[in-house]
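Analysis of the macromolecular model
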Amino acid sequence: MELLSTPKNIEINNITCDSFRISWAMEKGDLERVTHYFIDLNKKENKNSNKFKHRDVPTKLVAKAVPLPMTVRGHWFLSPRTEYSVAVQTAVKQSDGEYLVSGWSETVEFCTGDYAKEHLAQLQEKAELIAGRMLRFSVFYRNQHKEYFQHVRMHCGNVMKPSLKDNSGSHGSPTSGMLHGIFFSCNTEFNTGQPPQDSPYGRYRFQIPAQRLFNPNTNLYFADFYCMYTAYHYVVLVLAPKGTSGDLFCRERLPQLDISSNKFLTCCVEEGELVYRHAQDSILEVIYTEPVDLSLGVLGEISGHQLMSLSTANAKKDPSCKTCNISVGR
């Protein structure tokens, strides 16, 4: 049987967090003969990856020949925001069950995308299932080391500046490494109604009245839901004053929440006053997208311990948790 030509001019497009479309050129005579495509997909090795962790097994996909371009989809072998290399080979299945194959094409590299809004909406639905009842609170707070606040006072004009969000949480979160903000907490202890006296982030705590950051002029967005191989879960929310650059960033990428009616964090007018509530059963991480002046709140030292084991700095999500994972790339 006549040999098959090697596929050439590989094109990759329509890339999402767990799929892509691929096409290539073949000799005209091969179009009618080819019965199968072989696709060799490999995750590019991260130079910072753990050398003692097993390497990802290369994925060889076999597909019946269809008109090109064809869509390759699968959350079991494609992860969001990850670099891959791909090469293709065409084949004719013969009467004896063996394949006549072409040579491998050149290798093409591409990077998968972030979670889209519909994926985040699925995460939001899962987070809502475990949010629990709503508890009242009155302040947002931020824990850091003493040196952090000294630096803010001496070198930043007494203003905390937004910084780039790290890579903690879901690998597909569109905020990671993209959104600038300041992390705040708002969870309270059930028995006291006050912020806990322990923190993983430092013994010094800045507290600010909730209405300074969250009010009818603020938009609220759902950003992530994850755990770190633990029973408790984290929900990441973004507070962005309307019309700011942070608000515009989130509007394009994140599901927006009704500030007075959602399962995580609310701001409602009751008897002429703003009343605030947070979900009891999730640890909320609130990103505020604008600078915050220390003069708007109070700085003090907590009496509890610094629980480093609870820190979420660059924390990796548990990909096996059924509570906080969805059926797209992890």
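Look a little higher up for the structure.
Scope of this entry: the structure provided in the associated data block. All values derive from a computational prediction rather than experimental measurement. (Residues numbered from 1 in each chain as written. Predicted model: local features only at pLDDT ≥ 70, side-chain atom pairs only at ≥ 80, totals over all residues. Heavy atoms only, no water.)

Taken in spatial order, the 3 strands line up as E1-E2-E5 in an open sheet, and their pairing is antiparallel. In this open sheet, the two strands that pair with only one neighbour each are strand E1 (8–13) and strand E5 (70–73). In this sheet, adjacent strand axes meet at a mean angle of 30° when their direction is disregarded. Two elements, E1 and strand E2 (residues 19–25), share 4 bridges in a ladder whose sense is antiparallel. Opposite Asn13, over in E2, you have Arg21 as the bridge partner. (Pairing = 2+ DSSP bridges. Helix = DSSP H or I, 4+ residues; strand = E, 2+ residues; numbered from the N terminus. Axes fitted to C-alpha atoms, helices over the stretch in contact; angles between N-to-C directions.)

Here the focus is unusual backbone geometry. Most peptide bonds take the trans configuration, and most residues that are not glycine carry a negative phi. Cis geometry is adopted by the peptide bond preceding Pro69, which originates at Leu68 and carries an omega value of 0°. As for its position among the elements, Pro69 is in the loop between strand E4 (59–64) and E5. The backbone of Tyr229 sits at a positive phi, close to 60°, despite the residue not being glycine.

A word on the state of the cysteines. In a disulfide, the sulfur atoms of two cysteines are covalently bonded to one another. In total, this model carries 0 disulfides according to the counting rule given. Not engaged in a disulfide, the cysteine Cys17 finds its nearest cysteine sulfur in Cys111; these two sulfurs lie 12 Å apart. Looking at the unpaired Cys186, the closest cysteine sulfur is the one in Cys267, lying at 12 Å. (Disulfide = S-S within 2.5 Å.)

Further remarks concern a nonpolar patch on the surface. A grouping of Val62, Tyr99 and Val101 is seen on the molecular surface, where their side chains present a nonpolar patch of about 240 Å² in accessible area. For Val101, the location among the structural elements is in strand E7 (residues 99–101). (Patch = residues over 30% accessible without salt bridge, like charges linked within 9 Å, V, L, I, M, F, W, Y side chains within 5 Å. Areas by Shrake-Rupley, 256 points an atom, 1.4 Å probe, with all protein chains shown as cover. Salt bridge = Lys/Arg side-chain N within 4 Å of Asp/Glu carboxyl O.)

On to the pattern of salt bridges. For the structure on display, the rule yields 10 salt bridges. A salt bridge links Lys44 to Glu83; the shortest N-O distance between them is 3.8 Å. Of this pair, Lys44 sits in the loop between strand E3 (36–43) and E4 while Glu83 sits in strand E6 (residues 83–93); the two residues are 39 residues apart in sequence, bridging distant segments of the chain. With relative accessibility at 43%, the residue Glu83 sits in the partly exposed group. (Buried < 20%, exposed > 50% of the residue type's maximum accessible area, 1.4 Å probe, protein only.)

What follows concerns the environment of Arg142. With respect to the element layout, Arg142 can be found in strand E10 (residues 139–144). On the basis of relative accessibility, which here comes to 11%, the residue Arg142 falls in the buried class. Along the sequence, Arg142 and Ile208 sit 66 residues apart, while their C-alpha atoms lie 8.8 Å from each other. Filtering out sequence-adjacent residues up to four positions away, Arg142 remains in contact with Tyr148, Phe149, Met160, Ile182, Phe183, Phe184, Tyr204, Arg205 and Phe206. A distance of 3.3 Å separates a polar atom in the side chain of Arg142 from a polar atom in the side chain of Tyr148. At 2.9 Å, the side chain of Arg142 forms a polar contact with the backbone oxygen of Phe183. (Contact = heavy atoms within 4.5 Å. Polar contact = N/O pair within 3.5 Å; in protein donor to acceptor, adjacent residues only side chain to side chain.)

This brings us to the packing of aromatic side chains. Using the criterion set out here, one finds 11 aromatic pairs in the structure. Chaining the aromatic ring pairs together yields one cluster made of Phe137, Phe140, Phe214 and Tyr276. (Phe/Tyr/Trp six-rings, centres within 6.5 Å; stacked < 30°, edge-to-face > 60°.)

Here we take up the nonpolar core. Counting residues in each nonpolar core, the largest one holds 56 residues, and the members touching the most others are Phe140, Phe184, Phe264 and Leu265. Looking at this core element by element, the count peaks at 7 residues for strand E16 (residues 234–241). If sequence neighbours within four positions are ignored, Leu265 has contacts with Met134, Phe137, Phe140, Cys186, Phe214, Leu220, Leu237, Ile259, Arg277, His278, Leu284 and Val286. Core analysis: the next-biggest nonpolar cluster, separate from the first, contains 23 residues, Leu4, Leu61, Met70 and Leu100 among them. (Core = buried A, V, L, I, M, F, W, Y, C linked by side-chain atoms within 4.5 Å.)

Purely geometric stuff here, so don't read any function into it on its own.
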